[in-house]
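# Structural overview for review
Spelled out, the chains give:
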Amino acid sequence: TGWEESRLHIAKLNGNYNLVNSVELNLATHPFAMVSCEDPRLFTFACELYLSFTGAFLKGGRHFAYPLLCKLDRELQPSSVVSVEYARRTWPMEKNWVYFEHGGRLLCIYSINPHTILSIKGNRAMGLMVRFPGGYRAVFMAGDQGSKD
């Protein structure tokens, strides 16, 4: 079958790690997830459960992979699926953004080399100044509006 038409499920387990039930996530409604949904990661932000995943789609006969984000409701279904816009992104394959909360803000590791952390607000991402211990110099990325926090 390959990776096309792959879908994501969340399994609920009991205390002995036995399957209680499995919920299929309705994610293919986003145009960037029409071919497949893969690489899921659950995380919390502001005491809410979120899911990041990679959506795959076709454009002009080419395959594209795009990181997508959604908040899950109590039934573990997405309230909405958004594509986070970042002006310096690379195409056509983008995957595995790692989201985390710090200081009440939603942040994401975009790249390890060069080390790039994004601040997420709604469906927009901005590059941040990154401070490194041990004498590395942190710089703003050209064209990004960042934060000195």
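For the structure itself, look to the data block above.
For the structure given in this document, a descriptive report is provided here.

So, how was this worked out
- Residues numbered from 1 in each chain as written.
- Predicted model: local features only at pLDDT ≥ 70, side-chain atom pairs only at ≥ 80, totals over all residues.
- Heavy atoms only, no water.
- Pairing = 2+ DSSP bridges.
- Helix = DSSP H or I, 4+ residues; strand = E, 2+ residues; numbered from the N terminus.
- Axes fitted to C-alpha atoms, helices over the stretch in contact; angles between N-to-C directions.
- Phe/Tyr/Trp six-rings, centres within 6.5 Å; stacked < 30°, edge-to-face > 60°.
- Buried < 20%, exposed > 50% of the residue type's maximum accessible area, 1.4 Å probe, protein only.
- Core = buried A, V, L, I, M, F, W, Y, C linked by side-chain atoms within 4.5 Å.
- Contact = heavy atoms within 4.5 Å.
- Polar contact = N/O pair within 3.5 Å; in protein donor to acceptor, adjacent residues only side chain to side chain.

So, about the sheet that holds strand β9 (residues 115–121). The antiparallel open sheet is built from four strands, whose spatial order is β7-β8-β9-β10. Two strands close off the open sheet at either side, each with one partner strand: β7 (98–102) and β10 (124–127). Each adjacent strand pair in this sheet contributes to an overall mean axis angle of 35°, direction not counted. Across four bridges, the pairing between β9 and β10 is antiparallel. Note on β10: the bridge partner recorded for Ile120 is Ala125.

We describe a pair of aromatic rings using the distance from one ring centre to the other and the angle between the two ring planes. Per the stated rule, a full pass over the model turns up nine aromatic pairs. For the pair Phe32 and Phe57, a centre-to-centre distance of 4.5 Å together with 15° between the ring planes defines the contact as stacked. Taken as a pair, Phe32 in the loop between β2 (19–24) and β3 (36–45) and Phe57 in strand β4 (residues 48–59) lie far apart in primary sequence, 25 residues in all. Judged by centre distance (4.5 Å) and plane angle (50°), the ring pair of Phe32 and Tyr66 falls under tilted.

Spatially, β3-β4-β5-β6 is the arrangement adopted by the four strands of the open sheet, whose pairing is antiparallel. Every other strand in the sheet has two partners, leaving β3 and β6 (78–83) as the edge strands with one partner each. For this sheet the average axis-to-axis angle between neighbouring strands, irrespective of direction, equals 25°.

This part covers unusual backbone geometry. The residue Tyr17 is not glycine, and still its phi comes out positive at about 65°. Relative to the assigned elements, Tyr17 resides in the loop between β1 (9–13) and β2. Residue Cys47 is not a glycine yet carries a positive backbone phi of 60°. Assignment of secondary structure puts Cys47 in the loop between β3 and β4. What makes Cys47 exposed here is its relative accessible area of 80%.

Attention now moves to the nonpolar core. Grouped together as the largest cluster of nonpolar side chains are 16 residues, with contacts concentrated most on Leu8, Leu27, Leu51, Phe53 and Cys70. Mapped onto this core, the elements with two or more residues apiece are β4 and β5 (62–72). Counting residues per element, this core draws most heavily on β5, at five residues. Sequence-distant contacts of Cys70, defined by excluding residues within four places in its chain, comprise Leu27, Tyr50, Leu51, Phe53, Pro78, Ser80 and Val81.

Of the strand pairs in this sheet, β1 and β2 are connected by five bridges, and their pairing is antiparallel. Pairing of Ala11 across the sheet is with Ser22, part of β2. Counting the residues that bridge the hairpin from β1 to β2 gives five residues, and of these Tyr17 lies at a positive phi of roughly 65°.

Okay, the pairing of β9 next. Counting buried positions along β9 gives five out of seven residues, so the element sits mostly inside the fold. Bridge count between strand β8 (residues 105–112) and β9: six bridges; the pairing is antiparallel. What sits directly across from Ile112, in β9, is His115.

A word on the side chain of Ser36. Examined against the element boundaries, Ser36 turns out to sit in strand β3. For Ser36, the side chain forms a polar contact with the side chain of Glu38, separated by 3.4 Å.

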